[in-house]
Amino acid sequence: MNRNRLLELFCANLSNAIVHQILETAIDVPEISEKYVKEVKSSWEIAKNYREKINPVNRSLPFHDLEEIKAKVINSVTTELKLRIDRGYTNINLSLVPEFVEKALKELSVI
Amino acid sequence: MNGNMELIGRISKGSKMDQVYIPKNRSGMNTGEYVIILPLGKRTEEKSIFKPYFYNIKAIEPIKMQIIEEVFSMVEREASAENIIITGSFLEQGFKFNDLDILIINEEKVNTEALKQKIEKTLGIKAHLIFLDAKTLLSGLSTDPLYSLMLSKCVSKKRITLKANRKINYKLLDIHLLKSKNLIDNFDLLSGNEKYYLILNVLAILLFIQDKNLNKELINREIEKIFSVNVNKIKENMLKKERFVKKYKEIYNKTFQLIMESIKNEQK
């Protein structure tokens, strides 16, 4: 698989994981929210696997990649969430998006 | 399973001592082992009859019944449980199951990890233990399609009520559905069984919203009808990508729309 395709799949899975995380914060019943925390794992693990195939593996990605990934993930997560807000979904906090994306990219050694 | 073996023998008269003859061909009760001899009448009176409740199970292999009995008695010995429910692939015909799904219903929390290890060590089968209290189970049945699906085929120690009024919790269903988006993003990466599970998830949610019955056979039939493909082909990872993904996106989006429409009903 070429590098661009790997980056694309990495972004798609990471976005899915972050959408999931933010939707969890929107669930008003804490017991339910706790129960579904584990569900985020699958997209996260796939994203992690893709990250491990993108060079450089053990250090941050070059600045232009980083900027592109960050913009792409923020955009994709925001679009997914807006889709819900527009239909009346309550309690979604869009301001969490950049913070969650930043945190995820650090954890996955992108930054 | 040797610990469960019982033999019936007749006491015969010997010259110095009486004896009980048992067949040489047996599993367990090896020479030199100590055994208990009890009068047959008393033993049958004392032994409680194992009579679990079956839900949507037409037939089950006798060896699986022995395993279920062993699991029930192990759970009862190690932890207090209001009810014990066996579900999942173990109850499908044949021996292709992945693990043994055990639901322990109790008010007080049970140390499932120690119990899991004990079951796995004794039976040599991977066990997946879920601990729930009765209230969570009931609320799960009314709001979560996966609970309904899980309990649509099960064996339980005590009778369970599977009828629950469905309530649409859009946030819960949406988060469930999102899991299946993986199939669109990672079609080439997923195994046949993973694909099947993600399709099953979407269909379970769709049928749940449409207030239709939920069980694996029904969903399989629905999958075959919608995608014109045998479920075994999906599990064997033999799907034709382009045609399948196009149809899958349609069903995924339809389910998403229905979930979003339910927001309006909730707000009324």
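Given the structure is predicted, the values throughout are model-derived calculations rather than measurements. (Residues numbered from 1 in each chain as written. Chains lettered and ligands numbered in written order. Predicted model: local features only at pLDDT ≥ 70, side-chain atom pairs only at ≥ 80, totals over all residues.)

### A closer look at the interface of chain B and chain A
Then comes step 1: Between chain B and chain A, the residue contacts involve 15 residues of the former and 19 residues of the latter.
Then comes step 2: For the side of chain B that touches chain A, the secondary-structure elements that each account for two or more residues are α6 (170-179), α7 (182-185) and α11 (241-267) of chain B.
Then comes step 3: Ranked by residue count, the leading element in the side of chain B that touches chain A is α6 of chain B, at six residues.
Then comes step 4: Residues of the side of chain B that touches chain A, tallied by class, amount to six nonpolar, three polar and six charged. (Contact = placed C-beta atoms within 7 Å. Helix = DSSP H or I, 4+ residues; strand = E, 2+ residues; numbered from the N terminus. Nonpolar A, V, L, I, M, F, W, Y, C, P; charged D, E, K, R; others polar.)

### A look at the domain arrangement of chain B
Residues and elements named next belong to chain B.
Then comes step 1: By domain assignment, chain B separates into domain 1 (53-156) and domain 2 (170-267).
Then comes step 2: Taking only C-alpha atoms, the centre of domain 1 and the centre of domain 2 are 25 Å apart.
Then comes step 3: Taken residue by residue, the interface counts nine residues in domain 1 and eight residues in domain 2.
Then comes step 4: For the side of domain 1 that touches domain 2, the per-class residue count stands at three nonpolar, four polar and two charged. (Domains from an automatic or database assignment.)

### Observations concerning the sheet that holds strand β7 (residues 154-156) of chain B
All names here are of chain B.
Then comes step 1: Spatial strand order, β3-β7-β4-β5-β6: five strands in an open sheet with mixed pairing. One side of each edge strand has no neighbouring strand; the edge strands of this open sheet are β3 (53-55) and β6 (127-132). Put simply, the sheet's adjacent strands are angled 20° from each other on average, direction ignored.
Then comes step 2: Where strand β4 (residues 83-87) meets strand β5 (residues 100-105), five bridges bridge the pair, whose relative direction is antiparallel. Residue pairing for β5: Ile-86 is matched across the bridge by Ile-102.
Then comes step 3: Helix-sheet contacts for helix α2 (residues 62-78) involve β4, β5 and β7, and the interaxial angle to β4 is about 145°. (Pairing = 2+ DSSP bridges. Axes fitted to C-alpha atoms, helices over the stretch in contact; angles between N-to-C directions.)

### Overview of the packing of helix α8 (residues 192-209) of chain B against helix α9 (residues 216-227) of chain B
Residue and element names in this part refer to chain B.
Then comes step 1: Close contact between α8 and α9 brings their axes to 10 Å; oriented N to C, the two are set at 105°. Here α8 is positioned roughly perpendicular relative to α9, judged by the angle of their axes. The segment α8 lies against α9, with Ile-199, Leu-200, Leu-203, Ala-204 and Leu-207 engaging Ile-219, Glu-222 and Ile-223.
Then comes step 2: In the contact of α8 with α9, the residues fall into seven nonpolar, no polar and one charged. (Parallel < 35°, antiparallel > 145°, perpendicular 65-115°, else oblique.)

### Regarding the packing of α6 of chain B against α8 of chain B
Residues and elements named next belong to chain B.
Then comes step 1: Where α6 meets α8, the axes come as close as 8 Å, and the angle between the chain directions of the two elements is 155°. On the basis of the axis angle, α6 is roughly antiparallel to α8. As α6 runs across α8, the sense of the crossing is left-handed. Facing α6, whose interface residues are Leu-173, His-176, Leu-177 and Lys-179, α8 presents Leu-198, Asn-201, Val-202, Ile-205 and Ile-209.
Then comes step 2: Looking at side-chain class alone, the contact of α6 with α8 contains six nonpolar, two polar and one charged residues. (Left-handed = near helix turned anticlockwise from the far one by under 90°.)

### Brief notes about α8 of chain B
Then comes step 1: In this model, α8 of chain B (18 residues) spans 26 Å end to end at C-alpha, consistent with the 26 Å of a helix rising 1.5 Å per residue.
Then comes step 2: Just beyond α8 of chain B, the residue with positive phi is Asp-211 of chain B, at close to 60°. (Expected span 1.5 Å × (residues − 1).)

### As for unusual backbone geometry
Then comes step 1: With an omega of -5°, the peptide bond running from Asn-55 of chain A to Pro-56 of chain A counts as cis.
Then comes step 2: Turning to its location among the elements, Pro-56 of chain A is positioned in the loop between α3 (41-51) and α4 (63-85).
Then comes step 3: Even without a glycine there, the phi angle at Asn-56 of chain B is positive, about 55°.
Then comes step 4: Asn-56 of chain B sits in the partly exposed class, given 13 other C-beta atoms within 10 Å.
Then comes step 5: Even without being a glycine, Asp-211 of chain B presents a positive backbone phi close to 60°.
Then comes step 6: Mapped onto the elements, Asp-211 of chain B comes out in the loop between α8 and α9. (Buried ≥ 20, exposed ≤ 12 C-beta atoms within 10 Å, placed from the backbone.)

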